[in-house]
Amino acid sequence: MSVLFKPVTVGRLHLKNRFVRSATNDYLGRPDRTISEQQMELYQDLAAGGVGVIVTGHAYVQHPLGRASVNQNAIYNDRFVEGYRRLADAVHIKGAALVLQISHAGRQTPLDWPSDQVPVAPSAVREGTTGRTPRALTEAEIWSLIDAYVAAMVRAKAAGCDEVQLHIAHGYLLSAFLSPYTNRRTDAWGGSLENRCRILREILTRGRRLVGESYPVLVKINSTDGFAGEGYLTLADVVAAARGLVEWGVSAIEVSGGHREAKGVMSRLKGLQVEQEAYVADAARAVKAAVNVPVILVGGLRSLSVMEDVVASGVTDLVALSRPLSANRNWSTAFVRGR
Ligand SMILES: Cc1cc2nc3c(=O)[nH]c(=O)nc-3n(C[C@H](O)[C@H](O)[C@H](O)COP(=O)(O)O)c2cc1C
């Protein structure tokens, strides 16, 4: 049997194989931000396709400034719990686990949103794709954000989702706190790595108290901003941050990379040759060497041989895919059948 079909444990959750559908915003949410029937169908198909875990598209924790796109789902209010409960039930019937990914757009809100407010971020660093400069969050606003994340973690559990995942990647708010490029604060929330991680520590330790010791709390973390040069996030910082995350109760770490401004880093474009697959593998290997929780590798995984190799050689414990499963919901079933 392929190593990819060997069961694995994340926290206290037993997973039937090593395949993760990485968080993917499908832009199919209802206008009121609840789960649509199209999404119910999509997730049931993904689960029936054989993938062990499905991470939802990122649901935003604070309205209106946390919203990253049109037709995005949200989790800033108890009224969103029911939709995720239906989704979790449907996915469970088909034999997969459901992870709710939670986020805040930060400086990466769309240009037309919100129409009457300036986006918020750790610091006022202009965002290149929209040309907008966000304003720096006040201390009181940071505490209110921490509360919003913690409330979202509690809602994930209340909805029956098997795990919750903090989105600390791709330039959204929490990754913007982690990176010295976007976090230029001189107070307790910026500067040293310890300060840049403070918001993560507060969310995780407070959230953990409310969801309990055994509820799996995952993170998806940036390994790079996606730019070369001084002043950006380093892998050494990421590895040190990963150790802290585990200390604060994280059950598994998914490793990704890239801000929206760094085009083609998060999702490398077409035509990947086999040797160009697994383009975040070096960072995942470094994180895995530093932590004692499962690591999940995402980014450009396409060939069975590459996926088997990264698991068998200890680069990662699980493999996550986004675009292949958007192109073919039954993709992993094809693998089971040896195709
Ligand atoms: C349309 C689209 C939507 C995405 N939405 C999310 C998201 O909501 N949360 C997230 O962490 N990553 C998101 N990603 C990034 C993917 O999860 C993944 O990290 C990236 O595409 C690389 O993996 P792949 O080569 O398997 O596509 C998205 C990617 C695409 C293409």
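For the structure itself, consult the block above.
Residues numbered from 1 in each chain as written. Predicted model: local features only at pLDDT ≥ 70, side-chain atom pairs only at ≥ 80, totals over all residues. Heavy atoms only, no water.

Draft legend 1. Just helix 6 (residues 198-211), in detail. Here helix 6 is 14 residues long and its end C-alpha atoms lie 20 Å apart, about the 20 Å a rise of 1.5 Å per residue gives. Regarding helix 6, the residues found buried are R198, I199, L200, E202, I203, L204, G207, R208 and V211. On its buried side, helix 6 packs onto helix 3 (139-158), strand 9 (163-168), helix 4 (173-178), helix 5 (193-196), strand 10 (217-222) and helix 7 (235-247). One or two positions beyond helix 6, positive phi appears at G212, with a value near 95 degrees. (Helix = DSSP H or I, 4+ residues; strand = E, 2+ residues; numbered from the N terminus. Expected span 1.5 Å × (residues − 1). Buried < 20%, exposed > 50% of the residue type's maximum accessible area, 1.4 Å probe, protein only. Contact = heavy atoms within 4.5 Å.)

Draft legend 2. Up close: the side chain of R155. Mapped onto the fold, R155 is located in helix 3. Setting aside residues no more than four positions away along its own chain, R155 makes contact with I75, Y76, N77, D78 and V81.

Draft legend 3. Spatial organisation of the packing of aromatic side chains. Tallying each qualifying case throughout the model produces 7 aromatic pairs. Ring geometry for Y181 against F227: centres 5.6 Å apart, planes inclined by 75 degrees, an arrangement best described as edge-to-face. Taken together, the positions of Y181 in the loop between helix 4 and helix 5 and F227 in the loop between strand 10 and helix 7 put the pair 46 residues apart, joining distant regions of the chain. When its relative accessible area of 12% is taken as the criterion, Y181 is described as buried. Residue F227 is classed as partly exposed on the basis of its relative accessible area, which comes to 26%. What links up through ring pairs into an aromatic cluster is the set Y60, Y76 and F80. The ring of W113 is capped by R67, whose NZ or CZ atom sits 3.9 Å from the centre of that ring. (Phe/Tyr/Trp six-rings, centres within 6.5 Å; stacked < 30°, edge-to-face > 60°. Lys NZ or Arg CZ within 6 Å of the ring centre and 35° of its normal.)

Draft legend 4. Geometry of the site of the ligand. Taken together, 22 residues lie around the ligand, and A23, Q101, S267, G300 and R323 are the ones closest in. Between H58 and the ligand, the recorded distance is 3.0 Å, taken from a backbone N or O atom to an oxygen atom. Here the ligand, which alone exposes 610 Å², has 88% of that area covered by the protein. Grouping the constituent residues of the shell around the ligand by class yields 6 nonpolar, 13 polar and 3 charged. (Near = heavy atom within 4 Å. Polar contact = N/O pair within 3.5 Å; in protein donor to acceptor, adjacent residues only side chain to side chain. Areas by Shrake-Rupley, 256 points an atom, 1.4 Å probe, with all protein chains shown as cover. Nonpolar A, V, L, I, M, F, W, Y, C, P; charged D, E, K, R; others polar.)

Draft legend 5. Region of interest: the pairing of strand 12 (residues 295-298). Alternating residues of strand 12 divide into V295 and L297 and I296 and V298, and every residue in both groups is buried. In this sheet, strand 12 lies alongside strand 11 (residues 252-256) in parallel orientation, the contact comprising 3 bridges. Bridging across to strand 12, E254 finds its partner in I296. With 3 bridges connecting them, strand 12 and strand 13 (residues 318-321) associate as parallel partners. (Pairing = 2+ DSSP bridges.)

Draft legend 6. Quick peek at the nonpolar core. Ranked by internal contacts, the top residues of the largest apolar core, which has 91 residues, are I102, L166 and I253. Broken down by element, this core gets its largest block of residues, 9 residues, from helix 3. The next biggest cluster of nonpolar side chains, apart from the first, holds 16 residues, and it includes V55, V298, L318 and A320. (Core = buried A, V, L, I, M, F, W, Y, C linked by side-chain atoms within 4.5 Å.)

Draft legend 7. Quick peek at the layout of surface pockets. Within this model, the largest pocket holds a volume of roughly 740 Å³. Taken together, 36 residues form the lining of the largest pocket, with A23, H170, Y172, M266 and S267 sitting closest to its centre. Only strand 13 and helix 10 (323-327) provide two or more residues apiece to the lining of the largest pocket. Along the lines of polarity and charge, the residues of the lining of the largest pocket split into 13 nonpolar, 18 polar and 5 charged. In this structure, the second largest pocket spans a volume of roughly 190 Å³. In terms of lining residues, the second largest pocket is bounded by 13 residues, among which S223, T224, Y279, V280 and A283 are the most central. Here the lining of the second largest pocket is built from residues that sort into 7 nonpolar, 4 polar and 2 charged. (1 Å grid on protein atoms, 1.4 Å probe; cavity = no way out; pocket = protein on both sides within 12 Å on 5 of 7 lines; lining within 4 Å. Points joined across faces, edges and corners; volume = space filled by probe spheres on them.)

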